[in-house]
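Next come the chains, spelled out residue by residue.
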Amino acid sequence: GTQNCTSCVPGTYSGTGAEACTDCDAGKHSSTGASSCDACKGGSYSDAGARNCSTCLGGTYASAGSESCSACGSGTYSEDGNSACTKCDSGKWSNMSESACTACASGKWSGSGAEKCTKCDPGKWSASGAAGGCTDCAEIERA
């Protein structure tokens, strides 16, 4: 007898001679008639049986083949579709799950990767977004 083959639907795959299609694992996806599933690229994720991978939103990240996005920690940020979080620059800070870092207010400072800004010591000051530290007031008066 003749055998009719049917293409697997997106999100499933089959090997040669298979009698049924199998769902792709979480973190993978496929198109119509796939013989295997492809891993989601970094910055995206999928549930099992996915046709497409979904993009991670700002403040989250995922490595290749992920089944979900993870939150960026305090002192880091990410934009949509990032595979890793980036440390905030000196003079900036962030809470968890942020898509950008915030500049420290005048009179405060931070090093890179800060989760909060630190007040300048008495007799010292800083402009908004000051990197690394505060300036002695006496130095400014001399300028």
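Residues numbered from 1 in each chain as written. Predicted model: local features only at pLDDT ≥ 70, side-chain atom pairs only at ≥ 80, totals over all residues. Heavy atoms only, no water.

**Description of the overall build of the chain**
Formally: Note on conventions: DSSP H or I runs of at least 4 residues are helices, E runs of at least 2 residues are strands, and numbering of each starts at the N terminus. This radius of gyration counts C-alpha atoms alone. The globule rule is 2.2 Å times how many residues there are, raised to the power 0.38. Buried residues are those whose accessible area, probed at 1.4 Å on protein chains only, stays under 20% of the maximum for their type, while exposed residues exceed 50% and partly exposed ones sit between those limits. A residue counts as positive if it is Lys or Arg and as negative if it is Asp or Glu; His and the chain ends are not included. To locate a charge, take atom NZ for lysine, CZ for arginine, CG for aspartate or CD for glutamate.
Broken down by element type, the chain carries one helix and 16 strands. Radius of gyration (C-alpha) of the chain: 25 Å, far over the 15 Å computed for a compact globule of 143 residues. Taking the principal axes of its C-alpha atoms as reference, the chain extends roughly 100 × 20 × 15 Å. Residues counted as buried form 24% of the 143 residues belonging to the chain. For the chain, the distance from the average position of its 10 positive side-chain charges to the average position of its 15 negative side-chain charges is 9 Å.

**Remarks on the environment of Gly 129**
Going by this rule: Here a residue-residue contact requires only that any non-hydrogen atoms of the pair lie within 4.5 Å.
Within the element layout of this structure, Gly 129 appears in the loop between strand 15 (124–125) and strand 16 (135–136). The spacing of Gly 129 and Ser 90 is 39 residues in sequence and 7.9 Å in space, taken between C-alpha atoms. What Gly 129 contacts, discounting residues up to four positions off in sequence, is Gly 91, Ala 103 and Cys 104.

**Concerning the side chain of Ser 66**
Using the following cut-off: In the analysis that follows, any N or O atom pair within 3.5 Å is treated as a polar contact, provided that within protein one partner can donate a hydrogen and the other can accept it, and provided that, for residues neighboring in sequence, both atoms belong to side chains.
As for its position among the elements, Ser 66 is in the loop between strand 7 (60–61) and strand 8 (70–71). Relative accessible area serves as the criterion here: at 13%, Ser 66 is assigned to the buried category. Within the local environment of Ser 66, its side chain forms a polar contact with the backbone oxygen of Ser 63, the two atoms lying 2.6 Å apart. Excluding its chain neighbours within four sequence positions, the residues that come into contact with Ser 66 are Gly 27, Ser 44, Tyr 45 and Ser 46.

**Quick look at unusual backbone geometry**
Although it is not a glycine, Ser 97 adopts a positive phi angle of roughly 60°. With respect to the element layout, Ser 97 can be found in the loop between strand 11 (92–93) and strand 12 (102–103).

**Some words on the state of the cysteines**
Under the convention used in this document: Criterion for a disulfide: a pair of cysteine sulfur atoms at a distance within 2.5 Å.
Within the structure shown, the criterion is met by eight disulfides. Each sulfur in the disulfide pair Cys 120 and Cys 134 lies 2.0 Å from the other. Here the S-S torsion is close to -80°, and the disulfide linking Cys 120 with Cys 134 is therefore left-handed. Residue Cys 120 is located in the loop between strand 14 (118–119) and strand 15, and its partner Cys 134 is located in the loop between strand 15 and strand 16; the two are separated by 14 residues in the primary sequence.

**Looking at the environment of Thr 22**
Here Thr 22 lies in strand 2 (residues 22–23). Residue classification places Thr 22 among the partly exposed residues on the basis of a relative accessible area of 40%. When neighbours within four sequence positions are excluded, Thr 22 is seen to be in contact with Gly 11, Thr 12 and Tyr 13.

**Notes on the side chain of Ser 126**
Within the element layout of this structure, Ser 126 appears in the loop between strand 15 and strand 16. A distance of 2.7 Å separates the side chain of Ser 126 from the backbone oxygen of Lys 108, its partner in a polar contact. Excluding residues that lie within four positions of it along the chain, Ser 126 makes contacts with Ala 105, Ser 106, Gly 107, Lys 108, Cys 120, Gly 133 and Cys 134.

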